Amino acid sequence: MDFGIVLQPNPPASRTVHLAKLAEQYGFTTAWTFDSHLLWQEPYVVYSKILAETHRIRVGPFVTNPATRDWTVTASIFATLNELYGNRTICGIGRGDSAVRVTNGKPTTLGELREAVHVIRELANCRPVEHRGATLRLPWAEESRLEVWIAAYGPKALALAGEIGDGFILQLADLDIAQWMIGQVRDAAAAAGRDPGSVKFCVAAPMYIGDDVDHMRDQCRWFGGMVGNHVADIVTRYGTTGAVPAALTEYIAGRVDYDYNEHGKADNTHTDFVPDEIVDRFCVLGDAAAHIDKLKALKALGVDHFAGYLQHDNKEETLRVYGETVMPALAEHTLAKA
């Protein structure tokens, strides 16, 4: 298992760059960021600064979408960053959430997402692609390499991730839900004639090192609200039974409203409906030993990459403990199993 961080590109951008540099020093492989150009700063500009001031860490959106950005421009940006800094980018993508909802837009269809993944990946890997009746290529991007990982919750989106994704992004760390969703993606990959082992699995959740349980929960309750937005879409489409585990859908019964201007913030005032149990299940909280135990369990399910959200008040200390204790323990666990 390798490790990433997930940052909001809030001003000052130098703070985002600082945290990415610190993450690299502690051994994290990836610095992901939210991608909502109205709510936060433009991430691709910040990526260039991060890459210029680091040596190994990758950067990428968590996640971008096909609605607010032209697909060919997105591919060109990744290819340009790869040419400048040596293939240190990765693309997380989904149907669209905060970036489209703040403009009263809607998430794209899965068909559009499928096509966007194809266009972005082919162009950013310097392969020709048919798009809007034209054959397109980035002739200057011969050395560019880009993986595209798909974020999904619903059954059809999970199937899409298995069919075409280089990786699957699950934004919660509940063990039972993760096991079910990873199984869905693997089954879809096999049905599409792919090796299920070729799809990488990423679990993302707030990670908070501490000992004050109530404080940690309050700092991370926003995450249950964010996940609830996606779950609400699933419930609208599929109902509350059958399509997805009840463990994912039951808790949103008390969800009333949501303000995207507070999206991903520890002091979000629209997350009272999220119970403590959901915070504990969806997040990774506690001392180093608690983190190690949960991450080992996720790894046993097939998770290749854990991405920890840092939208709380203990960023640097959490990074330090991960770098000095948690990640080495997971590395030792891998060696012991080998």
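So, a few notes on the structure that sits alongside this text. (Residues numbered from 1 in each chain as written. Predicted model: local features only at pLDDT ≥ 70, side-chain atom pairs only at ≥ 80, totals over all residues. Heavy atoms only, no water.)

**Some remarks on the overall build of the protein chain**
Per the secondary structure count, the protein chain includes twelve helices and eleven strands. The burial tally for the protein chain puts 56% of its 338 residues in the buried class. About 13,700 Å² of surface is accessible on the protein chain, with carbon and sulfur atoms providing 49% of the total. (Helix = DSSP H or I, 4+ residues; strand = E, 2+ residues; numbered from the N terminus. Buried < 20%, exposed > 50% of the residue type's maximum accessible area, 1.4 Å probe, protein only. Areas by Shrake-Rupley, 256 points an atom, 1.4 Å probe, with all protein chains shown as cover.)

**Describing the state of the cysteines**
Under the definition given, this model contains zero disulfides. Unpaired in terms of disulfides, Cys283 finds its nearest cysteine sulfur in Cys220, a separation of 4.9 Å. (Disulfide = S-S within 2.5 Å.)

**Notes on helix α6 (residues 155–164)**
All of the buried residues in α6 are Ala157, Leu158, Leu160, Ala161, Gly162 and Ile164. Looking at the packing, one finds that the buried side of α6 touches α5 (110–124), β7 (148–151), β8 (167–170) and α7 (175–191). (Contact = heavy atoms within 4.5 Å.)

**Quick look at the pattern of salt bridges**
What the rule picks out here adds up to 18 salt bridges. Within the structure, one salt-bridge network assembled from shared partners comprises Asp214, Arg217, Asp218, Arg221, Asp276 and Asp280. (Salt bridge = Lys/Arg side-chain N within 4 Å of Asp/Glu carboxyl O.)

**Considerations on the nonpolar core**
With 107 residues, the main nonpolar core has Phe62, Phe168, Phe223 and Tyr322 as its most contacted residues. If one sorts the elements of this core by residue count, strand β9 (residues 200–209) sits on top with eight residues. Among residues more than four places away in sequence, those in contact with Phe62 are Val6, Trp32, Thr33, Phe34, Ile169, Gln171, Cys202, Ala204, Ala307 and Tyr309. (Core = buried A, V, L, I, M, F, W, Y, C linked by side-chain atoms within 4.5 Å.)

**Comments concerning a negative patch on the surface**
A cluster of acidic residues, Asp211, Asp212, Asp287 and Asp293, forms a negative patch on the protein surface. Residue placement: Asp293 occurs in helix α11 (residues 288–300). Among the residues examined, Asp293 registers a relative accessible area of 52% and is labelled exposed. (Patch = residues over 30% accessible without salt bridge, like charges linked within 9 Å, V, L, I, M, F, W, Y side chains within 5 Å. Lys, Arg positive; Asp, Glu negative; His and termini not counted. Charge placed at Lys NZ, Arg CZ, Asp CG, Glu CD.)

**Here's the deal with the packing of helix α2 (residues 43–52) against helix α3 (residues 71–85)**
Between two packed helices, what matters for the description is the angle formed by their axes and the separation of those axes. As a packed pair, α2 and α3 sit with axes 11 Å apart at the nearest point and diverge in direction by 10°. Relative to α3, the element α2 lies roughly parallel. By crossing handedness, the relation of α2 to α3 is classed as right-handed. Between α2 and α3, the contacting residues are Tyr44, Tyr47, Ser48, Leu51 and Ala52 on the first element and Thr74, Ile77, Phe78, Leu81 and Tyr85 on the second. Here the residues of the contact of α2 with α3 are counted per class, giving eight nonpolar, two polar and no charged. (Axes fitted to C-alpha atoms, helices over the stretch in contact; angles between N-to-C directions. Parallel < 35°, antiparallel > 145°, perpendicular 65-115°, else oblique. Left-handed = near helix turned anticlockwise from the far one by under 90°. Nonpolar A, V, L, I, M, F, W, Y, C, P; charged D, E, K, R; others polar.)

**Considering the packing of aromatic side chains**
Going through the model one piece at a time under the given rule, you end up with 14 aromatic pairs. A centroid spacing of 5.6 Å and a plane angle of 80° characterise the contact between Trp222 and Phe223, whose relative ring orientation is edge-to-face. Classification of Trp222 as buried rests on a relative accessible area of 0%. Note on Phe223: relative accessible area 0%, which makes it buried. For the pair Trp222 and Tyr309, a centre-to-centre distance of 5.6 Å together with 75° between the ring planes defines the contact as edge-to-face. Of this pair, Trp222 sits in helix α8 (residues 213–238) while Tyr309 sits in strand β11 (residues 305–309), and the two are 87 residues apart along the sequence. (Phe/Tyr/Trp six-rings, centres within 6.5 Å; stacked < 30°, edge-to-face > 60°.)

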